[in-house]
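What follows is each chain in one-letter form.
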Amino acid sequence: MPCDGKVLVTTAGFIERLIKNAGEDCYGDELWASKYNFTHPEAVIQATLDMLKNGSNVIFTNTYQSSVDLYKKCLKLSDEQCMESLRQTVGFACTARDRFLKESKPEIVPLIGGAIGPYGACLHDGSEYTGAYIDKVSREFLRDWHRPRVAALVEGGADFLAVFTIPCLAEAEVIVDLICTEFAQTKFWISLQCKDDTHVAHGEKFSEAVLAIWKKVRDQYKSDKLMAIGVNCLPPANVSPLLKSLEGHTIPFMVAANSGETYDVQKGWHGKADCKPLESFIPEWIALGAKFIGGCCRTDISDIGKIKKAIELS
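Residues numbered from 1 in each chain as written. Predicted model: local features only at pLDDT ≥ 70, side-chain atom pairs only at ≥ 80, totals over all residues. Heavy atoms only, no water.

Chemist: Describe the layout of surface pockets, naming the residues involved and giving the relevant values.
Modeler: Computed from the structure, the largest pocket encloses a volume of approximately 1400 Å³. Around the largest pocket sit 50 residues that line it, and Trp32, Tyr64, Tyr129, Cys233 and Cys297 are the ones nearest its centre. Of all the elements in the fold, those that place two or more residues in the lining of the largest pocket are helix H1 (14-22), strand E4 (160-166), strand E7 (253-257) and strand E8 (262-264). Counting residues per element, the lining of the largest pocket draws most heavily on H1, at three residues. For the lining of the largest pocket, a count of residues per class yields 23 nonpolar, 19 polar and eight charged. (1 Å grid on protein atoms, 1.4 Å probe; cavity = no way out; pocket = protein on both sides within 12 Å on 5 of 7 lines; lining within 4 Å. Points joined across faces, edges and corners; volume = space filled by probe spheres on them. Helix = DSSP H or I, 4+ residues; strand = E, 2+ residues; numbered from the N terminus. Nonpolar A, V, L, I, M, F, W, Y, C, P; charged D, E, K, R; others polar.)

Chemist: Outline the packing of helix H6 (residues 139-156) against helix H7 (residues 169-182), listing residues and values.
Modeler: Remark: H6 packs on H7, axes separated minimally by 9 Å, with the N-to-C direction vectors making an angle of 55°. On the basis of the axis angle, H6 is oblique to H7. For the pair H6 and H7, the sense of crossing is right-handed. Where H6 approaches H7, its residues Arg139, Leu142, Arg143, His146, Arg147 and Val150 are matched on the opposing element by Ala170, Glu171, Glu173, Val174, Ile175, Asp177, Leu178, Thr181 and Glu182. Here the contact of H6 with H7 is composed, by residue class, of six nonpolar, two polar and seven charged. (Axes fitted to C-alpha atoms, helices over the stretch in contact; angles between N-to-C directions. Parallel < 35°, antiparallel > 145°, perpendicular 65-115°, else oblique. Left-handed = near helix turned anticlockwise from the far one by under 90°. Contact = heavy atoms within 4.5 Å.)

Chemist: How would you summarise the sheet that holds strand E5 (residues 188-192) if you had to cite specific residues and measurements?
Modeler: Think of a sheet as strands paired side by side through backbone hydrogen bonds, with each pair either parallel or antiparallel. Taking strand neighbours across the sheet as the criterion, the eight strands line up as E1-E10-E7-E6-E5-E4-E3-E2 in an open arrangement whose pairing is parallel. For this open sheet the edge positions go to strand E1 (8-9) and strand E2 (58-60), each flanked by a neighbour on one side alone. One ladder, built from five bridges, connects E5 with strand E6 (residues 226-232); its direction is parallel. Paired with Trp189 across the strands is Ala228, a residue of E6. (Pairing = 2+ DSSP bridges.)

Laid out in structure tokens, this is it:
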């Protein structure tokens with residue numbers, strides 16, 4: 001992975017497609033999109049299938065905000081019921097892939113990434129975009145918190161672990177240590193949340209954080225399981241400066257940018273008319289080493305084809 005050096009297309013705004021298929025939104029629900037794993041599993045499968053039909057080479061489990069603690073709190077499930085529910089989400093992705101493969105003969109068999117979000121995503125306070133919690137919890141706590149979900153997704157048969165929106169180096173290092181010691185044969189990527197074109201959300205320099213992660217995996221653990229390091233949930237204009245900060249280092253990147261719109265608590269998302277199309281940035285991202293490219297907030301399945309075409313023309 002990537003397949004024979006090809007640049008692979010990931011998904012676009014999964015949550016928007018999932019809400020459309022479910023016919024009800026999840027905003028304000030403590031489980032957020034995870035609730036659909038219980039209330040609308042077929043909508044989860046269909047949203048994943050929609051991504052595949054529009055060109056995604058890489059899909060993800062609907063587990064970004066899932067955790068054993070959250071399931072126990074909201075659904076009163078036992079530990080084993082929580083683990084089985086998490087394993088089952090891999091099954092939803094497999095079902096979507098199986099249906100797609102019955103209908104199509106793609107050049108590349110789609111990969112399934114077990115989606116893992118940061119601890120802050122379950123706090124419902126926006127701290128996945130600041131990393132503020134990192135100074136309030138120990139590394140041991142974070143490792144114990146992440147372990148069950150990682151284990152369930154590996155046991156469920158995910159092809160790799162897709163770690164998303166990590167806002168601070170410390171949490172990234174905890175996850176790397178966990179995977180490399182307890183799940184050493186599992187491939188994974190680490191995607192960071194960045195607040196500008198230089199810094200990770202918590203304030204560390206992006207270039208220094210990436211090199212620290214890369215060296216930890218390659219030098220400390222002597223592992224070749226790290227597929228990519230990257231960025232997600234940020235404006236596309238910020239991506240190239242971040243990747244350029246690593247010029248001179250041969251590191252594969254993944255990118256999942258937002259539409260470029262701005263979010264405001266009062267106005268909501270706005271500024272779409274002023275956005276440069278996401279696909280117009282792709283040739284430069286590829287030149288800078290991007291190996292996995294997709295969309296995040298405010299992108300949709302129509303963007304997948306545009307991303308795919310831009311990759312093919314690069």
